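Listed below, chain by chain, are the residues.
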Amino acid sequence: MKRKKAKKKETKLNTTVSDLFIIGGGVNGCGVARDAAGRGLSVVVAEMNDLGSATSSSSTKLFHGGLRYLEFFEFRLVREALKEREVLLKAMPHISWPMRFILPLDKSQRFETSTPASKLLNTIFPFYKNRRPAWLIRVGLFLYDLMGGRTILPGTSRLDLSGAVEGRPLKKKYQKAFEYSDCWVEDSRLVVLNAKDAARLGAKIHVNTKVISANRENGLWRVETRNLVTGKREVHLSKVLINAGGPWVSNLLLNVLRVNSSEKVRLVRGSHIVVPKMWSHEKSYFFQGDDGRIIFAIPYETDFTLIGTTDIDHSELDAKPKCTEFEKNYLINFANQYFESALKVEDIVWTYSGVRPLQDTSEGSATSVTRDYSIKVNCEHNAPLVNVFGGKITTYRKLAESVMDKVGLYFPQIPGPWTAEAHLPGGNFPVNGLADLINDLRKDYPFLSQKWAERLVKGYGREARVMLGSVRNEDELGVNFGASLTQKEVEWLIKEEFATSAEDILWRRTKLGLRLSDIQVKTLQEWMYNQKLVTL
């Protein structure tokens, strides 16, 4: 099943002039929309597919400073990201929570040879021969703790793996480790909740809506869009245009906006694999490879382990990123350097890949390209265009504030930053209040199992109660599509969270695609078809 085929229709002209028109419904576009709408600006967002359907739902799902970026001396980026961890954690404790990482130590671990830290160390201590010594890792972790301004997350500690539960999944040669803190985040829900809050504040969110032209006319932007499901065409007028197209940012500049720019993005594919659960504790692993790269192994969706990521240049913009056989084998072989029980490619139950639109500032390896962002303004003919290049999920809120600093020059009356103290929808409870929220939900809805209630609270927070409403038993939730997904929840996702397809629901609003059978997926698709949302 697929979305309805678009039909050609007459173009509708919207005579209302918005303050901002945002191209791109990823984390940056939706973050800017929320921030701007909260400052009183009128905002329109156009996303050509589903919200967060490209890069923003294909991350390693971490709010982290980026320990390895210290080797590239990216101190500003790391400091900003580290400080953001706890700001974001407090804003969304239902979809983000603290996570401890085990970093096993081995004398053979090496730098990527192109890093500034590697070059400096090889100059001072040439006998290390690109090895990454334990003392240097400890210095990096000391800086990581020092720069982060922690009040919630515990600091780094040493760990003896020989007698610890954390050492059981690992090969016996790994006897020592460091343990440090970062945060998990449900990345695709982060995008949707920013869009939902933006809509609550007055923004208009259009999914499946492609910008097909944008021109400056009489000091305004004239933007024409086409809904890829219905074929509906509209013309929007806006004072400022924000290009937050992610991987398509340069393509939009060249082929749609027809604006020359020296800024470019480098498309880097990151692929992940999901395998059955490999250990019983809730901590994650940070593995260093003999090629200088790193990967994570993370507990995932209760019954699985997430392993990634790769860094490979992606040349074809319109080619859907896929985890190649090479990448599968690379990740399996990398992980098998550490795990006692060897993984096989046949163990993989799911893969996903995303293309990161990184600033094209380096001719080195894909791994070496900066994850920092750049905001550029073009103000020809008194119609400002703000272009967003690069960025990482942890700094999306600060990126949005940086965009608003530029936008504020054209709207001097708007108030200042506000999102640092604001909860995302459903997140208005303490960071340590998740268990209490789950228990309270089960008391009020006793037909919910522990696992079911936990899934709902970790998806919707306090809004889980709003979604369930006055239902008294499971039958009142309507059709059960499997794995605790019910008609009540699907209707909520359509009405409140912009979902228009089974894929939107099973792989972005939730990860229940890991659990539903082909027959159950078909049942959901057919039900949504009967609601006139998809077509065969």
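Scroll up to find the structure.
Since this is a predicted model, take the numbers as computed values, not measurements.

Asks: Break down the overall build of the chain for me, citing the residues and quoting the values.
Replies: The helix and strand inventory of the chain stands at 14 helices and 20 strands. Taking 24 Å as the expected radius of gyration for a compact globule of 536 residues, we find that the chain reaches 23 Å, a close match to that expectation. In terms of its C-alpha atoms, the chain occupies a principal-axis envelope of roughly 70 × 60 × 45 Å. By the burial criterion, 58% of the 536 residues in the chain qualify as buried. Sequence-distant contacts in the chain: of pairs separated by 6 or more residues, those separated by 24 or more amount to 71%. As presented, the chain carries roughly 22,700 Å² of accessible surface, and 50% of it is formed by carbon and sulfur atoms. Positive and negative side-chain charges of the chain, numbering 77 and 61 respectively, have mean locations separated by a distance of 1 Å.

Asks: I'd like a description of the environment of Arg 34, backed by residues and values.
Replies: Along the chain, the position of Arg 34 falls in helix H1 (residues 27-38). Residue Arg 34 is classed as buried on the basis of its relative accessible area, which comes to 2%. Remark: the alpha-carbon pair of Arg 34 and Asp 197, spanning 163 residues in sequence, is separated by 6.2 Å. Those residues in contact with Arg 34 that sit more than four places away from it in its chain are Asn 194, Asp 197, Ala 198, Leu 201, Trp 418, Thr 419, Ala 422, His 423 and Leu 424.

Asks: Which residues make up the side chain of Asp 145, and what are the values?
Replies: Among the structural elements, Asp 145 can be located in helix H4 (residues 134-147). For Asp 145, the side chain forms a polar contact with the main-chain nitrogen of Thr 156, separated by 2.9 Å. Residues within four places of Asp 145 in sequence aside, it is in contact with Arg 150, Gly 155 and Thr 156.

Asks: Any chance you could break down the packing of aromatic side chains for me, citing the residues and the numbers?
Replies: Two measures describe an aromatic ring pair: the distance that separates the ring centres and the angle between the ring planes. Using the criterion set out here, one finds 21 aromatic pairs in the structure. Plain terms: the ring middles of Trp 279 and Phe 339 are 5.8 Å apart, the flat faces sit at 25° to each other, and that makes the pair stacked. Here Trp 279 is found in the loop between strand S11 (265-276) and strand S12 (284-288), whereas its partner Phe 339 is found in the loop between helix H7 (325-336) and strand S16 (350-359), with 60 residues between them in sequence. Every member of this aromatic cluster is reached through a ring pair, and the members are Tyr 174, Trp 279, Tyr 285, Phe 287, Tyr 338 and Phe 339. A cation sits over an aromatic face here: Arg 76 above Tyr 373, 5.6 Å from the ring centre. The side chain of Lys 458 reaches across the aromatic face of Trp 97, ending 4.6 Å from its centre.

Reading the values: rules and limits
- Each residue is numbered by its place in its chain's sequence as written, counting from 1.
- A pLDDT threshold of at least 70 governs which residues receive local features in this predicted model, and a stricter bar of 80 or more applies before side-chain atom pairs are shown or counted, although totals over entire chains, interfaces and linings include all residues.
- Water and hydrogen atoms play no part in the side-chain values, which are based on all heavy atoms of the structure.
- Helix and strand labels come from DSSP, where a helix needs a run of H or I of at least four residues and a strand needs a run of E of at least two; each type is numbered from the N terminus.
- The globule rule used for comparison is 2.2 Å times the number of residues to the exponent 0.38, while the radius of gyration itself is calculated over C-alpha atoms.
- Type-normalised accessible area, obtained with a 1.4 Å probe on protein chains alone, sets the label of each residue: buried when under 20%, exposed when over 50%, and partly exposed for intermediate values.
- In this description, contact between two residues means that some pair of their heavy atoms is separated by no more than 4.5 Å.
- With residues, only the protein chains shown are counted as cover, and all accessible areas are computed by Shrake-Rupley using a 1.4 Å probe.
- In this tally, Lys and Arg are treated as positive and Asp and Glu as negative; His is ignored, and so are the chain termini.
- By convention, the charge on Lys lies at NZ, on Arg at CZ, on Asp at CG and on Glu at CD.
- Within 3.5 Å is the distance limit for a polar contact, defined as a pair of N or O atoms, with the added protein rule that one can donate a hydrogen and the other accept it, and that residues adjacent in sequence qualify only through two side-chain atoms.
- Aromatic rings from Phe, Tyr and Trp, taking only the six-membered ring of Trp, are treated as a pair when their centres fall within 6.5 Å; an angle between ring planes under 30 degrees marks them as stacked, one over 60 as edge-to-face, and anything in between as tilted.
- Distance and angle both matter: a charge sits over a ring if NZ of Lys or CZ of Arg is within 6 Å of the ring centre and within 35 degrees of the ring normal.

That's the geometry; what it means functionally is another story.
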